[in-house]
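Chain by chain, the residues run as shown.
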Amino acid sequence: MEVYPLSYKGEEDQPIAFEIDNVYIRPGTIASLLKAIEGITDVRKEGFGGIPREIHVRFKYQGYDYVVWEPDGDNSRYCIGPDNPDECKISIRPIEEVFKRYRPSFFRQLLGDILSLRFLRFIS
């Protein structure tokens, strides 16, 4: 999966947040991936009951509060990072690497490529 590091930096000049295309992954899958990462605890999905919300998943990483949110509730990407970036400056690289290695199912990949018009890059 393609990962987009955000510009603010943490310790050793490492990104403390990143974005991923939301068409290739669902919040439930994100929560499952997070639960398997060392140093992550208290993973919980948000937004039950069909009420749209910006925050989809909350979790703790090395004791800090983190969130998976969709800016403005209708963005094409999920942002994964600290709930309060001013308080947390630890590197998110270990989490980022898990999402880089993630591969959606064939059909989700195909659907994502169609919806995001990525298939056009192979035509030209």
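Treat the numbers as computed from the prediction; the structure is a model and nothing was measured. (Residues numbered from 1 in each chain as written. Predicted model: local features only at pLDDT ≥ 70, side-chain atom pairs only at ≥ 80, totals over all residues. Heavy atoms only, no water.)

**Details of the packing of aromatic side chains**
(1) Moving on: Across all of its chains, the model carries four aromatic pairs by this definition.
(2) Moving on: Of the aromatic side chains, those joined through ring pairs into one cluster are Phe59, Tyr61 and Tyr66.
(3) Moving on: A cation over a ring is seen here: Arg77 above Tyr4, with NZ or CZ 3.4 Å from the ring centre. (Phe/Tyr/Trp six-rings, centres within 6.5 Å; stacked < 30°, edge-to-face > 60°. Lys NZ or Arg CZ within 6 Å of the ring centre and 35° of its normal.)

**A few points about unusual backbone geometry**
(1) Moving on: The backbone of Asp42 shows a phi angle near 55°, a positive value even though the residue is not glycine.
(2) Moving on: Along the chain, Asp42 turns up in strand β3 (residues 40-45).
(3) Moving on: Although it is not a glycine, Gln62 adopts a positive phi angle of roughly 50°.
(4) Moving on: Here Gln62 shows up in the loop between β4 (55-61) and β5 (64-69). (Helix = DSSP H or I, 4+ residues; strand = E, 2+ residues; numbered from the N terminus.)

**Observations regarding the pairing of β5**
(1) Moving on: Relative to β5, β4 runs antiparallel, the two being bridged by six bridges. Considered in β5, the bridge of Lys60 is made with Asp65.
(2) Moving on: Two successive antiparallel strands, β4 and β5, enclose a turn made up of two residues, where Gln62 displays a positive phi of approximately 50°. (Pairing = 2+ DSSP bridges.)

**Some words on the sheet that holds β5**
(1) Moving on: Spatially, six strands are ordered β1-β2-β6-β5-β4-β3 in an open sheet, and the strand pairing comes out antiparallel. In the strand order of this sheet, the two ends are held by β1 (3-5) and β3, each with one partner. Neighbour to neighbour, the strand axes of the sheet diverge by 20° on average, direction disregarded.
(2) Moving on: Bridge analysis of β3 against β4 gives four bridges, and the strand direction is antiparallel. Bridge pairing links Thr41 to Lys60 in β4.
(3) Moving on: On the sheet, helix α1 (residues 27-35) packs against β2 (18-21), β3, β4, β5 and β6 (77-82) and is oriented at approximately 165° with respect to β3. (Axes fitted to C-alpha atoms, helices over the stretch in contact; angles between N-to-C directions. Contact = heavy atoms within 4.5 Å.)

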